[in-house]
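So you can see what is in the structure, the chains are spelled out below.
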Amino acid sequence: MDRIRGLASLFWREVAKFGAVGGVAFVIDNGLYWYLIHGPMSGSEVKARFVSAGIATIFAWVANRYWTFRHRRQPNAARELVMFVFINIIGMGIAAGCVWIAKYPFDVTEPSSLFLVGIFGTLLATLVRFVAYRFWVFNVELDAEPEFSHDQEILHPHGVRRTGSAQAAQAPGNEPVRQAPGGK
């Protein structure tokens, strides 16, 4: 029961931190975009969106790596960043895809309706991002804390643990080493 409470507590802390990071990244992205299209990049709105989204993505990666999922960081930061950017591109595609579906197949042209569809797409993409970050990008287990050491079983209930020497010890066909009573 303590393990379940510990996992639930960890999950909600990660959700809250992820939401805070996402909120700040949203402000950075849209605030910078607004500044760029009304100043140095006026007339280049698409380029400005890429610049603002790129800067917000880098902020989100650093904040998620060193705060939200700090106990789950991968040792290879470059690989982790590439995976993070890949997931963000998928997220942008989900949000833009929702707007595209509303605008073209459903012929929605009202800007406020498209804006609301865009918010729905962003929320859907945020859910996908959280799951992908938690279980794919920042997926190192919390082996140092016993109540969290098996949290990957959510995705791999009958599989092999994903880290360290435990993987070899628990691989199918390998029997765990058993000690005789008394520890000898």
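Residues numbered from 1 in each chain as written. Predicted model: local features only at pLDDT ≥ 70, side-chain atom pairs only at ≥ 80, totals over all residues. Heavy atoms only, no water.

Peer 1: Quick question: what am I supposed to make of the packing of aromatic side chains here?
Peer 2: Each pair of aromatic rings is reported with the distance of its centres and the angle of its planes. Inspection of the entire model under this criterion finds 6 aromatic pairs. Pairing F84 with Y133 gives two aromatic rings, centres 4.5 Å apart and planes at 20 degrees, and the pair type is stacked. Of the two residues, F84 is situated in helix α3 (residues 77–103) and Y133 in helix α4 (residues 111–137); the sequence distance between them amounts to 49 residues. Looking at F84, the relative accessible area reads 0%, which means it is buried. An angle of 70 degrees between the planes, with centres 6.2 Å apart, marks the rings of F86 and W136 as edge-to-face. Of this pair, F86 sits in helix α3 while W136 is found in helix α4, placing the two residues 50 residues apart along the sequence. A cation over a ring is seen here: R134 above F135, with NZ or CZ 4.8 Å from the ring centre. (Phe/Tyr/Trp six-rings, centres within 6.5 Å; stacked < 30°, edge-to-face > 60°. Helix = DSSP H or I, 4+ residues; strand = E, 2+ residues; numbered from the N terminus. Buried < 20%, exposed > 50% of the residue type's maximum accessible area, 1.4 Å probe, protein only. Lys NZ or Arg CZ within 6 Å of the ring centre and 35° of its normal.)

Peer 1: In this structure, what is going on with the layout of surface pockets? I would like to understand it.
Peer 2: One simple way to see leftover space: roll a probe sized like a water molecule over the atoms. The computed volume of the largest pocket comes to approximately 1200 Å³. What lines the largest pocket is a set of 35 residues, and nearest its centre among them are F26, D29, A95, T122 and R129. Elements represented by at least two residues in the lining of the largest pocket include exactly α1 (2–37), α2 (45–68), α3 and α4. Split by residue class, the lining of the largest pocket holds 21 nonpolar, 11 polar and 3 charged. (1 Å grid on protein atoms, 1.4 Å probe; cavity = no way out; pocket = protein on both sides within 12 Å on 5 of 7 lines; lining within 4 Å. Points joined across faces, edges and corners; volume = space filled by probe spheres on them. Nonpolar A, V, L, I, M, F, W, Y, C, P; charged D, E, K, R; others polar.)

Peer 1: What is the right way to look at the packing of α3 against α4 in this model?
Peer 2: When two helices pack together, their arrangement is given by the angle between the helix axes and by the axis-to-axis distance. Interaxial distance between α3 and α4 falls to 8 Å at its minimum, and their mutual angle equals 155 degrees. Between α3 and α4, the interaxial angle falls into the category roughly antiparallel. In this structure, α3 meets α4 at a crossing whose hand is right-handed. Grouping the constituent residues of the contact of α3 with α4 by class yields 20 nonpolar, 5 polar and 3 charged. (Axes fitted to C-alpha atoms, helices over the stretch in contact; angles between N-to-C directions. Parallel < 35°, antiparallel > 145°, perpendicular 65-115°, else oblique. Left-handed = near helix turned anticlockwise from the far one by under 90°.)

Peer 1: Got a minute to help me understand the environment of T68 in this structure?
Peer 2: Residue placement: T68 occurs in helix α2. Taking C-alpha positions, T68 is 5.9 Å from F18, a pair spaced 50 residues apart along the chain. With near-sequence residues (within four places) excluded, T68 lies in contact with E14, K17, F18, V21 and A63. Within polar-contact distance, the side chain of T68 engages the side chain of N64 at 3.0 Å. (Contact = heavy atoms within 4.5 Å. Polar contact = N/O pair within 3.5 Å; in protein donor to acceptor, adjacent residues only side chain to side chain.)

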